[in-house]
Amino acid sequence: MTEVVTENQPRRTSPPMLSFQSLTVAYTGSPVIDELNLDIQDGAVVALLGANGAGKSTLLRTASGLLAPRAGRVQLDGQDLTSVAVENRVRLGLAQVPEGRSVVTELSVDENLHLGGLWRYRDRSDRNAAVDQMYEMFEPLWRRRMSLGHELSGGERQMLSLARALISEPRVLLLDEPSLGLAPRVVAQLMTLLRETADRTGLTVLLAEQNVTSALSIADRGVVLGLGEIVVDAPAADLAADPALRQAYLGF
Amino acid sequence: METFVFLFATGVSRGLVIALFALSLVIIWRAARIINFAQAAMAIVAVFVAFTVVGLTGSYWAGLIAALATGALLGAIIERGLIRRVPHVTPLPGMIVAIGLVMVLQAGLGILFGPEHRPVQAPFSESPFVVAGIPVLSPYDLFVLVVALAVLVGLGLLFNRSTLGLQLRASAVAPEVSRLLGVRVPRMVTIGWMLSASVAALAALLLVPTELGLSAHSADILFVQAFTVAVLGGLDSPIGALLGGLIVGVLITMVTGYLGAGYAPLAVLALLTAVLLIRPGGIFALKEARTA
């Protein structure tokens, strides 16, 4: 496993933004994630790759607290998250967009966005301003603001899920398969938006994707999971460029 | 015609009480995916407390507030102390615990207050106003109508216009996503139980003076009617509970008035059977699945 440390982020002085330490996760019986160690530096965009069942979703769900590890721990900016409940992890700046366009379908676009900003902006006018800012970033949502979640297209739903996570200004964003079921053009739009947001705000992103090409196109670093272990950890550009690596671990 | 007007007006008033109780079942179903079979027993405990307070203070209003507060308190205690500890893999364990709770609460009331029906005084006259020679509504019916409508409107505003309501609705249909967005879902479930038990207590309090009197079983029939209404309207649908309550309330008084009281439960069951045959999910049901 190669450790990626960029020049402007010395590893001694500041802890990694997100850190998995000897993490083991199991549903029943044999572990899905086995003794995994992974550090992600502040501001990095990391693509988490691997086949179906490799443990990508499991890793993200453990980070956000939806799953409890059997052993090991998750740290956010040096703080151990073991005893922090899901709804409090988001208050520390760790946001997750779960798989499957997690829009609350019975609520309108506007209500979904307000829901995302509730804990962050106690004052209604502050929250309105934050919601408006999201409409500026995600223009198609503004036209659909009064539509219910179930009336939206797949792309609109994914956009809304992303906007709803970003509205609380997280430090770390966990994204689970945002490209699933979307047209290539929509995926490209979404990825560009994500990269721009990360560059502008310094957001740290852990992006689990089956769509390897799209994910590597915006990532700084690619981590390939295989059966719960890290099999490759390399700069995204190297992974994308090296046919042998791609062939061996990503199958194309 | 005179009979019709009187029965219709009384039916609407009665229907709103049933609607309130049905709405309390809908609130709990949405919050916790449980049909709370203990709702009637919990409500009657609150009504006993209320009339004890009325007896002590002489004020009906103090009793009304006591009923609401006792309902909320009971809801919180039962959710936190009992239902939360029951496994939630299927709805069945929760329902069975609720049925057990009915026996405990009703037995407890029997031990404390005895089996007899205690007469209860309504705060307003129960003899109807007469308009142009036609008896319409009693002042008490009017009071029930106003209170029930006010509570229904208040709940509508709470759920649709407040941030608490937004969180309650989101937690109901998408608990996991709501937690990821920072909503304290366990707290929302408790608040749902408190609201629900409070509304049920109010419905029972409004009903008791028009019935035989107060006993541990005074709200049992109300539960059956409201349960029918909740299934009719769709357990997920507050509007369904309101309209279903009105329909069943008017049906009961019409059948009682024209055919005799013995036919009213039959009419309700016939309606339930018909709806289940035609629309098993309920007339106003949304799609059943949660979005996780």
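Owing to the predicted nature of the structure, the values given are computational and were not obtained by experimental measurement.

Some remarks on the overall build of chain B
Then, in step 1: Of the regular secondary structure elements, chain B holds 11 helices and two strands.
Then, in step 2: When the helices and strands of chain B are listed from N to C terminus, the series reads α-α-α-α-β-β-α-α-α-α-α-α-α.
Then, in step 3: A globule of 292 residues ought to have a C-alpha radius of gyration of about 19 Å, and chain B, at 19 Å, matches this closely.
Then, in step 4: In terms of its C-alpha atoms, chain B occupies a principal-axis envelope of roughly 60 × 45 × 35 Å.
Then, in step 5: Taken across its 292 residues, chain B has 52% of its residues classed as buried.
Then, in step 6: Contacts in chain B between residues at least 24 apart in sequence constitute 75% of all its contacts with a sequence separation of at least 6.

Let's talk about the overall build of chain A
Then, in step 1: Helix and strand counts for chain A come out as 10 helices and 10 strands.
Then, in step 2: Taking 2.2 N^0.38 as the reference for a compact globule, 252 residues should give roughly 18 Å; the C-alpha atoms of chain A span a radius of gyration of 18 Å, in line with that estimate.
Then, in step 3: With the principal axes as the frame, chain A shows a C-alpha extent of 45 × 40 × 40 Å.
Then, in step 4: In chain A, buried positions account for 52% of the 252 residues.
Then, in step 5: Pairs at least 24 residues apart make up 67% of the contacts formed inside chain A by residues separated by at least 6 positions.
Then, in step 6: Taken as a whole, chain A presents about 11000 Å² of accessible surface, with 48% of it coming from carbon and sulfur.
Then, in step 7: Within chain A, one finds 24 positive and 31 negative side-chain charges whose respective centroids are separated by 4 Å.

Considerations on the packing of helix α2 (residues 39-57) of chain B against helix α3 (residues 60-81) of chain B
Residue and element names in this part refer to chain B.
Then, in step 1: Close contact between α2 and α3 brings their axes to 8 Å; oriented N to C, the two are set at 145°. Considering the relative orientation of α2 and α3, their crossing is right-handed. Only Tyr60, Ala62, Gly63, Ala66, Ala67, Thr70, Gly71, Leu74, Gly75 and Ile78 of α3 make contact with α2, whose side of the interface consists of Met42, Val45, Ala46, Val49, Ala50, Val53, Val54 and Thr57.

Some remarks on the sheet that holds strand β1 (residues 18-25) of chain A
Within a sheet, adjacent strands bond to each other through the backbone by hydrogen bonds, running parallel or antiparallel.
Residue and element names in this part refer to chain A.
Then, in step 1: Strand order in the open sheet formed by four strands is β2-β1-β4-β5, with antiparallel pairing between adjacent strands. The two strands at the open ends of the sheet, each matched to only one other strand, are β2 (33-40) and β5 (79-80).
Then, in step 2: Here two bridges tie strand β4 (residues 71-76) to β5, and the two strands are oriented antiparallel to one another. The partner of Gln75 across the bridge, within β5, is Asp80.
Then, in step 3: Of the strands in this sheet, β1, β2 and β4 are in contact with helix α1 (residues 56-64), which crosses β1 at around 115°.

Remarks on the UniProt feature "transmembrane region" (unreviewed entry) in chain B
Residues and elements named next belong to chain B.
Then, in step 1: Mapped onto this numbering, the UniProt entry gives "transmembrane region" (unreviewed entry) at residues 6-27, 34-54, 60-78, 90-113, 142-159, 188-208 and 266-286.
Then, in step 2: Its end C-alpha atoms 32 Å apart, residues 6-27 is made of 100% helix and 0% strand.
Then, in step 3: Helix makes up 100% of residues 142-159 and strand makes up 0%, while its end C-alpha atoms are separated by 26 Å.

So, the pairing of β4 of chain A
The side chains of a regular strand alternate, residue by residue, between the two faces of the sheet.
All names here are of chain A.
Then, in step 1: Two elements, β1 and β4, share five bridges in a ladder whose sense is antiparallel. Looking at the pairing, Ser19 lines up with Gln75 of β4.
Then, in step 2: Linkage of β4 to β5, two consecutive antiparallel strands, is achieved through a turn of two residues, within which Asp77 is found at a positive phi near 50°.

Some words on the nonpolar core
What tends to happen in soluble globular proteins is that the nonpolar side chains get buried as a cluster.
Then, in step 1: Residues Leu115 of chain A together with Phe21, Met42, Trp193 and Leu206 of chain B are the most contacted members of the largest nonpolar core, which totals 88 residues.
Then, in step 2: Broken down by element, the residue count for this core peaks at 14 residues, all from helix α8 (residues 185-207) of chain B.
Then, in step 3: Excluding anything up to four places from it in sequence, Leu206 of chain B contacts Val17, Leu20, Tyr60, Tyr140, Phe143, Val144 and Val147 of chain B.
Then, in step 4: Counting 46 residues, the second-largest nonpolar core is a separate cluster that includes Val131, Met134, Ile218 and Ala219 of chain A.

So, the environment of Val97 of chain A
Residues and elements named next belong to chain A.
Then, in step 1: Mapped onto the elements, Val97 comes out in strand β6 (residues 94-97).
Then, in step 2: A C-alpha to C-alpha distance of 19 Å links Val97 and Val223, two positions 126 residues apart in sequence.
Then, in step 3: When residues no more than four places from it in sequence are discounted, the contact partners of Val97 are Ser102, Gln158, Ser161, Leu162, Ala165, Leu173, Leu174, Leu175 and Asp176.

Points about the interface of chain B and chain A
Then, in step 1: The interface of chain B with chain A comprises 20 residues on the first partner and 24 residues on the second.
Then, in step 2: Both faces considered, chain B and chain A share a buried interface measuring about 2000 Å² in area, 62% of it formed by carbon and sulfur atoms.
Then, in step 3: In this assembly, chain B and chain A are joined by four salt bridges.
Then, in step 4: The closest approach of N and O atoms between Arg61 of chain A and Glu176 of chain B, which form a salt bridge, is 3.1 Å.
Then, in step 5: Breaking the side of chain B that touches chain A down by element, the ones donating at least two residues are α6 (163-173) and α7 (175-180) of chain B.
Then, in step 6: For the side of chain B that touches chain A, the element with the most residues is α6 of chain B, which contributes six residues.

Overview of the sheet that holds strand β9 (residues 221-226) of chain A
All names here are of chain A.
Then, in step 1: What the six strands build is an open sheet, ordered β6-β7-β8-β3-β9-β10; its pairing is mixed. On the outer flanks of this sheet lie β6 and β10 (229-235), each paired with one strand and no other. In this sheet, adjacent strand axes meet at a mean angle of 15° when their direction is disregarded.
Then, in step 2: Sheet analysis places β9 next to β10, joined by six bridges and oriented antiparallel.

Thoughts on α3 of chain B
Residues spaced three or four apart along an α-helix point in a common direction, a consequence of the helix completing one turn every 3.6 residues.
Then, in step 1: A rise of 1.5 Å per residue sets the reference length of α3 of chain B, with its 22 residues, at 32 Å; its end C-alpha atoms lie 31 Å apart and thus fit the reference within 8%.
Then, in step 2: Two or three places before Trp61 of chain B, at the start of α3 of chain B, stands the capping residue Ser59 of chain B, its side-chain oxygen 3.3 Å from that residue's backbone nitrogen.

Re unusual backbone geometry
Residues and elements named next belong to chain A.
Then, in step 1: Phi is positive for Glu35, close to 50°, though the residue is something other than glycine.
Then, in step 2: When you line up the elements, Glu35 lands in strand β2.
Then, in step 3: Phi is positive for Glu169, which is not a glycine, with a value near 50°.

Quick notes on the rules
- Residues numbered from 1 in each chain as written.
- Chains lettered and ligands numbered in written order.
- Predicted model: local features only at pLDDT ≥ 70, side-chain atom pairs only at ≥ 80, totals over all residues.
- Heavy atoms only, no water.
- Helix = DSSP H or I, 4+ residues; strand = E, 2+ residues; numbered from the N terminus.
- Rg over C-alpha atoms; globule rule 2.2 N^0.38 Å.
- Buried < 20%, exposed > 50% of the residue type's maximum accessible area, 1.4 Å probe, protein only.
- Contact = heavy atoms within 4.5 Å.
- Areas by Shrake-Rupley, 256 points an atom, 1.4 Å probe, with all protein chains shown as cover.
- Lys, Arg positive; Asp, Glu negative; His and termini not counted.
- Charge placed at Lys NZ, Arg CZ, Asp CG, Glu CD.
- Axes fitted to C-alpha atoms, helices over the stretch in contact; angles between N-to-C directions.
- Left-handed = near helix turned anticlockwise from the far one by under 90°.
- Pairing = 2+ DSSP bridges.
- UniProt positions renumbered as here; feature names shortened; annotations may be inferred.
- Core = buried A, V, L, I, M, F, W, Y, C linked by side-chain atoms within 4.5 Å.
- Buried area = accessible area lost by both parts, 1.4 Å probe.
- Salt bridge = Lys/Arg side-chain N within 4 Å of Asp/Glu carboxyl O.
- Expected span 1.5 Å × (residues − 1).
- Polar contact = N/O pair within 3.5 Å; in protein donor to acceptor, adjacent residues only side chain to side chain.

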